[in-house]
Amino acid sequence: MNEHAHPLSMSDRADRLEEEKMREMERIITKSTIAHLMDGEVKMDTSPEMKAKHPGKFFLMGEDPRLPPMPERPTLVDYFRRRFASTAHLLQSATHALKGGQPEKVILACLLHDIAIVSFIRCDHGYWGAQMIEPYVDEEVAWAVKTHQALRFFPDESVGYGYPDLYKELFGPDYKPEPYIVEEYKRARAHKWYMTSRLICMNDIYSFDPNARVNLDDFVDIIGRNFKQPKEGLGLDNSPSAHMWRTILWPTRFL
Ligand SMILES: [Fe+2]
Ligand SMILES: [Fe+2]
């Protein structure tokens, strides 16, 4: 067909591509229960139902062909480039820390503080993110990533950090953090690494500039020095959080 005579809109083109891909697919792709819960439904893709819908096909037990292919031994940088849905906020936070002359530990913490959100899950993103990186970074970095989630809600005038205006906009003026967040804040406030987590919040709050020019290349060396990349590939090693990385690698694997 002559596309100049009948130009397809961007979304038509995307739909057509999606349909073609689905037809080409040789395997049945399922969604996890958490994906349905996020759609507001308590349900799951069951094997008899899915087999009936796709007769003669087997379930996907490997890479999802709709996603960008990952190398055999993926690195953190590969995840940044091919799995993280957005990296601008992380790069802006880390750039802020870099320009502020902060230690590499803090820069790395800023670079990784919201990786759970961009790759995995929003709810309790600090805890998920910390567990993802814990085997590969300094204990202080993982601790700071975990606790920034709570600290963000609590001002510290001594360092000029106020309650973020953005949160009033996002959650309404009356939002109060849940008791477990208040407790986490109290523990973090009294912790020897408090300021590392506070620095994440301080670099974070300024980091939503859509025009900022940032580049992952500026951080590849810092990652190399401070993130223990497993030689087998991130997710293919035997660390306590390897399964989390594998889930991001193969999110639609049946089991
Ligand atoms: Fe965060
Ligand atoms: Fe953030």
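Peer 1: What should I look at first to understand the coordination of the iron ion (ligand 1) in this one?
Peer 2: Six octahedral donors around a metal ideally make angles of 90 or 180 degrees; four tetrahedral donors ideally make 109.5 degrees. Protein-derived coordination of the iron ion (ligand 1) comes from Asp 114 (OD), His 125 (NE2) and His 148 (NE2), at a distance range of 2.2 Å. When the donors of the iron ion (ligand 1) are listed by position in the chain, the intervening gaps give D-x10-H-x22-H. Between the iron ion (ligand 1) and the iron ion (ligand 2), both coordinated by Asp 114, there is a metal-metal distance of 3.7 Å. Placement of His 125 in helix α8 (residues 125-133) and of His 148 in helix α9 (residues 139-151) is noted, with a sequence separation of 23 residues between them.

Peer 1: What is the right way to read the coordination of the iron ion (ligand 2) from this model?
Peer 2: Each protein donor to the iron ion (ligand 2) is listed here as His 89 (NE2), His 113 (NE2), Asp 114 (OD), Asp 204 (OD) and Asp 204 (OD); together their distances run 2.1 to 2.7 Å. With relative accessibility at 14%, the residue His 89 sits in the buried group. Residue classification places Asp 204 among the buried residues on the basis of a relative accessible area of 0%.

Peer 1: What is the right way to read the pattern of salt bridges from this model?
Peer 2: For side chains bearing opposite charge, pairing can occur when the charged atoms are close. Counted under the stated rule, the structure contains twelve salt bridges. The salt bridge involving Lys 31 is made with Asp 39; its shortest N-O contact spans 3.2 Å. Residue classification places Lys 31 among the partly exposed positions, given a relative accessible area of 42%. Glu 232 is paired through a salt bridge with Lys 231; the nearest N and O atoms lie 3.6 Å apart.

Peer 1: So what exactly am I meant to see when it comes to the side chain of Ser 241 here?
Peer 2: Mapped onto the elements, Ser 241 comes out in the loop between α13 (220-226) and α14 (242-249). Using a relative accessible area of 2% as the deciding quantity, one classes Ser 241 as buried. Of the polar contacts made by the side chain of Ser 241, one reaches the backbone oxygen of Gln 131; its length is 3.4 Å. For Ser 241, the contacting residues outside a window of four places in its chain are Gln 131, Met 132, Pro 135 and Tyr 136.

Peer 1: Would you mind showing me how to read the nonpolar core here?
Peer 2: The tendency in soluble globular proteins is for nonpolar side chains to be buried as a group. Within the largest apolar cluster, 55 residues are counted, with the highest numbers of intra-cluster contacts made by Leu 112, Ile 133, Phe 227 and Trp 245. Those residues within four positions of Trp 245 in sequence are excluded, and the remaining contacts are Leu 76, Tyr 79, Phe 84, Ile 115, Met 132, Ile 133, Tyr 136, Leu 234 and Gly 235.

Peer 1: I would appreciate a short explanation of the state of the cysteines in the present structure.
Peer 2: Put plainly, a disulfide is one covalent bond tying together the sulfur atoms of two cysteines. The tally for this structure, following the rule as stated, stands at zero disulfides. In this model Cys 110 remains outside any disulfide bridge; the closest cysteine sulfur is found in Cys 201, 9.1 Å from its own. By relative accessible area, which is 0% here, Cys 201 ends up buried.

Peer 1: Please explain the packing of α9 against helix α12 (residues 194-204) as it appears in this structure.
Peer 2: Working note: a packed helix pair is described by the angle between its axes plus the distance between those axes. For the pair α9 and α12, interaxial distance at closest approach is 8 Å and the crossing angle is 60 degrees. In terms of their interaxial angle, α9 and α12 are classed as oblique. Read as a crossing pair, α9 and α12 show a hand that is right-handed. Contact residues: α9 offers Glu 140, Trp 143, Ala 144, Val 145, Thr 147, His 148 and Leu 151, while α12 offers Tyr 194, Thr 196, Ser 197, Arg 198, Ile 200, Cys 201 and Asp 204. Across the contact of α9 with α12, the residue classes tally to seven nonpolar, four polar and three charged.

Peer 1: Looking at this model, I keep getting lost on the packing of aromatic side chains. Mind explaining?
Peer 2: By convention here, two paired aromatic rings are described through the distance between centres and the angle between planes. Enumeration according to the criterion identifies 13 aromatic pairs in this entry. An angle of 50 degrees between the planes, with centres 4.8 Å apart, marks the rings of Phe 80 and Phe 84 as tilted. No difference in accessibility class separates Phe 80 from Phe 84, as the two residues are buried. Its end group placed over the ring of Tyr 194, Arg 189 keeps NZ or CZ at 4.2 Å from the ring centre.

Peer 1: Is there a simple way to explain the packing of helix α5 (residues 88-99) against helix α6 (residues 104-112) in this structure?
Peer 2: Two numbers describe how α5 lies on α6: the axes approach to 7 Å, and their chain directions differ by 165 degrees. Taken together, the axis directions place α5 and α6 in an arrangement best described as roughly antiparallel. The two elements α5 and α6 cross, and the hand of that crossing is right-handed. Here Leu 90, Leu 91, Ser 93, Ala 94, Ala 97 and Leu 98 of α5 come into contact with α6, specifically with Val 106, Ile 107, Cys 110, Leu 111 and Leu 112. Grouping the amino acids of the contact of α5 with α6 by side-chain chemistry returns ten nonpolar, one polar and no charged.

Peer 1: Can you help me understand a nonpolar patch on the surface in this one?
Peer 2: There is a patch of nonpolar side chains on the surface, built from Ile 34, Leu 37, Met 38 and Val 42 and spanning about 430 Å² of accessible area. Structurally, Leu 37 can be placed in helix α2 (residues 33-38). Take Leu 37: its relative accessible area is 44%, and that puts it in the partly exposed class.

About the thresholds
- Residues numbered from 1 in each chain as written.
- Chains lettered and ligands numbered in written order.
- Predicted model: local features only at pLDDT ≥ 70, side-chain atom pairs only at ≥ 80, totals over all residues.
- Heavy atoms only, no water.
- Donors = N, O, S within 2.8 Å, 3.2 Å for Na, K, Ca; no water.
- Helix = DSSP H or I, 4+ residues; strand = E, 2+ residues; numbered from the N terminus.
- Buried < 20%, exposed > 50% of the residue type's maximum accessible area, 1.4 Å probe, protein only.
- Salt bridge = Lys/Arg side-chain N within 4 Å of Asp/Glu carboxyl O.
- Polar contact = N/O pair within 3.5 Å; in protein donor to acceptor, adjacent residues only side chain to side chain.
- Contact = heavy atoms within 4.5 Å.
- Core = buried A, V, L, I, M, F, W, Y, C linked by side-chain atoms within 4.5 Å.
- Disulfide = S-S within 2.5 Å.
- Axes fitted to C-alpha atoms, helices over the stretch in contact; angles between N-to-C directions.
- Parallel < 35°, antiparallel > 145°, perpendicular 65-115°, else oblique.
- Left-handed = near helix turned anticlockwise from the far one by under 90°.
- Nonpolar A, V, L, I, M, F, W, Y, C, P; charged D, E, K, R; others polar.
- Phe/Tyr/Trp six-rings, centres within 6.5 Å; stacked < 30°, edge-to-face > 60°.
- Lys NZ or Arg CZ within 6 Å of the ring centre and 35° of its normal.
- Patch = residues over 30% accessible without salt bridge, like charges linked within 9 Å, V, L, I, M, F, W, Y side chains within 5 Å.
- Areas by Shrake-Rupley, 256 points an atom, 1.4 Å probe, with all protein chains shown as cover.

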